[in-house]
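The primary structure of each chain is shown beneath.
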Amino acid sequence: AVRLCAAAAVCAAAAACSCADVRVACIGGGMAGLAAARTLARAGVGVRVFESSDATGGRVRSDRVEGFTLDRGFAVFLTAYPESRAAFDYDGLDLHPFCPGAMVQTGP
């Protein structure tokens with residue numbers, strides 16, 4: 001099983017942990033840390049994920065602010081990598097393409 005400890009809970013959880021079944025600590029709950037934890041857990045290894053922020057996702061994360069969805073990080077996700085294709089359900093993510101290019105406005 002994967003156990004997640006976030007921000008304020010990290011120190012208390014680490015101190016109070018009865019880690020008999022935890023053999024690996026993944027530091028960071030971003031894409032790489034979560035993928036590593038899932039791979040280990042599927043192999044029967046006890047894993048605990050430690051994340052310093054208030055939620056998982058790392059730089060791939062969105063926030064809702066006053067009715068708007070704001071992306072924190074990735075502007076582009078390259079779907080051709082076999083590792084990400086194996087780790088994520090692309091249909092479930094409902095990905096959409098971006099049109100290439102940019103517009104620059106100067107003046108009023």
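Worth saying up front: this structure is predicted, and the values here are computed from it rather than measured.

Student: Please clarify how the side chain of Arg 61 should be interpreted in this entry.
Tutor: Counting through the fold element by element, Arg 61 comes out in the loop between strand 3 (47-51) and strand 4 (62-65). Arg 61 sits in the buried class, given a relative accessible area of 12%. Looking at Arg 61, its side chain comes within polar contact range of the side chain of Asp 54, at 2.7 Å. In this structure Arg 61 touches Ser 53, Asp 54, Ala 55, Thr 56, Leu 70, Asp 71, Arg 72 and Gly 73, once residues within four positions along its chain are discounted.

Student: Before we go on, may I ask you to explain the confidence of the model for the chain in this structure?
Tutor: Should pLDDT be low for a region, the predicted coordinates there are not to be read in detail. Taken as a whole, the chain shows an average pLDDT of 78; of its residues, 80% reach a score of 70 or greater. When mean pLDDT is taken per element in the chain, strand 2 (residues 24-27) scores highest with 89 and helix 1 (residues 9-16) scores lowest with 48. Every residue in residues 7-15 scores below 50 in pLDDT, and together they form 10 contacts with partners more than four places removed in sequence or on other chains.

Student: Even after reading the chapter, I still don't get a nonpolar patch on the surface, so can you show me in this structure?
Tutor: A grouping of Val 65, Phe 68 and Leu 70 is seen on the molecular surface, where their side chains present a nonpolar patch of about 290 Å² in accessible area. With respect to the helices and strands, the residue Leu 70 is situated in strand 5 (residues 68-71).

Student: Could you clarify how one ought to interpret the pairing of strand 4 in this entry?
Tutor: Taken residue by residue, a regular strand's side chains alternate between the two faces of the sheet. Examined bridge by bridge, strand 4 and strand 5 share 4 bridges and lie antiparallel to one another. By the bridge assignment for strand 5, Val 65 is matched with Phe 68. Taking the residues that link successive antiparallel strands as the turn, the strand 4-strand 5 hairpin has 2 residues, and the phi of Glu 66 there is positive, at about 50 degrees.

What counts and what doesn't
Along each chain, numbering runs from 1 in the same order as the chain's sequence is written. Predicted model: local features are reported for residues with pLDDT of at least 70 only, side-chain atom pairs are reported and counted for 80 or more only, and whole-chain, interface and lining totals are derived from all residues. Where side-chain values are given, they derive from all heavy atoms of the structure, hydrogens and water being excluded. A run of H or I in DSSP becomes a helix once it reaches four residues, and a run of E becomes a strand once it reaches two; helices and strands are each numbered from the N terminus. Each residue's exposure class comes from its accessible area (1.4 Å probe, protein chains only) as a fraction of the maximum for that residue type: buried when under 20%, exposed when over 50%, partly exposed otherwise. Definition of a polar contact: a pair of N or O atoms within 3.5 Å, with one able to donate and the other able to accept a hydrogen when the atoms are protein atoms, and with sequence-neighbouring residues admitted only if both atoms are side-chain atoms. Throughout, a contact is declared for two residues whenever any of their heavy atoms are within 4.5 Å. What pLDDT expresses is the predictor's confidence in each residue, scored from 0 to 100. Only residues above 30% relative accessible area that lack a salt bridge enter a patch, with like-charged residues linked at up to 9 Å and the nonpolar side chains Val, Leu, Ile, Met, Phe, Trp and Tyr linked at up to 5 Å. Note on areas: Shrake-Rupley, 1.4 Å probe, and residue coverage restricted to the protein chains presented here. A pairing counts as a salt bridge when a side-chain nitrogen of Lys or Arg comes within 4 Å of a carboxyl oxygen of Asp or Glu. Criterion used throughout: strands pair if DSSP finds at least two bridges between them.

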